Amino acid sequence: MDGRTVVERLAAGLGVLGLLAVLPFYISSGLAAPFWAIVVLLVFWAALVLCAVRWFRTRPWLVLVLPLVAAAVWWASMMLGEQLLGWQA
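Draft legend 1. Expanded view of the overall build of the chain. Broken down by element type, the chain carries three helices and zero strands. Each helix and strand of the chain, ordered N terminal to C terminal, gives the series α-α-α. On the principal axes, the C-alpha backbone points of the chain span a range of 50 × 15 × 15 Å. Within the chain, the proportion of its 89 residues that are buried is 28%. Partitioning the intrachain contacts of the chain with sequence separation of at least 6 by distance along the chain shows that 69% fall at a separation of at least 24. Put simply, the chain shows about 5,900 Å² of open surface, and 74% of that area lies on carbon and sulfur atoms.

Below, the structure written as structure tokens:
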């Protein structure tokens, strides 16, 4: 295993850890969002995890970006849900 591979796997590992760090936000969405929205958010998060698993070796740098995508989608859905759909805590 060369140095580049180690760095790439480290980056992908950090991406997976980042996805795990975002999971509590998705789960706690139930404090403000309806059940159907939580299900949609968790399915989206699971799809990101599936991408991370599939891309771990082939596209490790993209795995590192997935937690940022997950956080942005969660934040946007909570803000839009509150403003447009009247979700409240």
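What follows picks up the thread again.
Draft legend 2. The environment of valine 7, seen in detail. Take valine 7: it is sitting in helix H1 (residues 3–27). With relative accessibility at 43%, the residue valine 7 sits in the partly exposed group. Separated by 54 residues in sequence, valine 7 and tryptophan 61 place their C-alpha atoms 9.8 Å apart.

Draft legend 3. Structural detail: the packing of aromatic side chains. Per the counting criterion, the structure on display carries two aromatic pairs. Note on tryptophan 36 and tryptophan 87: the rings are 6.1 Å apart at their centroids and 75 degrees apart in plane angle, and the pair reads as edge-to-face. Placement of the pair is tryptophan 36 in helix H2 (residues 35–55) and tryptophan 87 in the segment after helix H3 (60–85), with a sequence separation of 51 residues. With a relative accessible area of 53%, tryptophan 36 lands in the exposed category. When its relative accessible area of 13% is taken as the criterion, tryptophan 87 is described as buried.

Draft legend 4. Highlighting the packing of H1 against H3. Following both chains from N to C, one finds H1 and H3 inclined at 15 degrees, their axes separated by 6 Å at the closest point. Here H1 is positioned roughly parallel relative to H3, judged by the angle of their axes. Judged by the twist between their axes, the crossing of H1 over H3 is left-handed. Taking contact as the criterion, the partners of Val7, Glu8, Ala11, Ala12, Leu14, Gly15, Val16, Gly18, Leu19, Val22, Phe25 and Tyr26 in H1 are, on H3, Pro60, Trp61, Val63, Leu64, Leu66, Pro67, Ala70, Ala71, Val73 and Trp74.

Draft legend 5. View of H2. The end-to-end C-alpha distance of H2, which contains 21 residues, comes to 30 Å, matching closely the 30 Å that a straight helix rising 1.5 Å per residue would cover. Along its buried surface, H2 packs onto H1 and H3.

Draft legend 6. Spotlight on the nonpolar core. Counting 17 residues, the largest nonpolar core has Leu19, Tyr26, Ala33, Ala70 and Met78 as its most contacted members. At the level of secondary structure, the elements contributing two or more residues to this core comprise H1, H2 and H3. For this core, the element with the highest residue contribution is H2, accounting for six residues. The residues contacting alanine 70, other than those within four sequence positions of it, are Leu19, Val22, Tyr26 and Leu48.

Rules of the game
Residues numbered from 1 in each chain as written. Predicted model: local features only at pLDDT ≥ 70, side-chain atom pairs only at ≥ 80, totals over all residues. Heavy atoms only, no water. Helix = DSSP H or I, 4+ residues; strand = E, 2+ residues; numbered from the N terminus. Buried < 20%, exposed > 50% of the residue type's maximum accessible area, 1.4 Å probe, protein only. Contact = heavy atoms within 4.5 Å. Areas by Shrake-Rupley, 256 points an atom, 1.4 Å probe, with all protein chains shown as cover. Phe/Tyr/Trp six-rings, centres within 6.5 Å; stacked < 30°, edge-to-face > 60°. Axes fitted to C-alpha atoms, helices over the stretch in contact; angles between N-to-C directions. Parallel < 35°, antiparallel > 145°, perpendicular 65-115°, else oblique. Left-handed = near helix turned anticlockwise from the far one by under 90°. Expected span 1.5 Å × (residues − 1). Core = buried A, V, L, I, M, F, W, Y, C linked by side-chain atoms within 4.5 Å.

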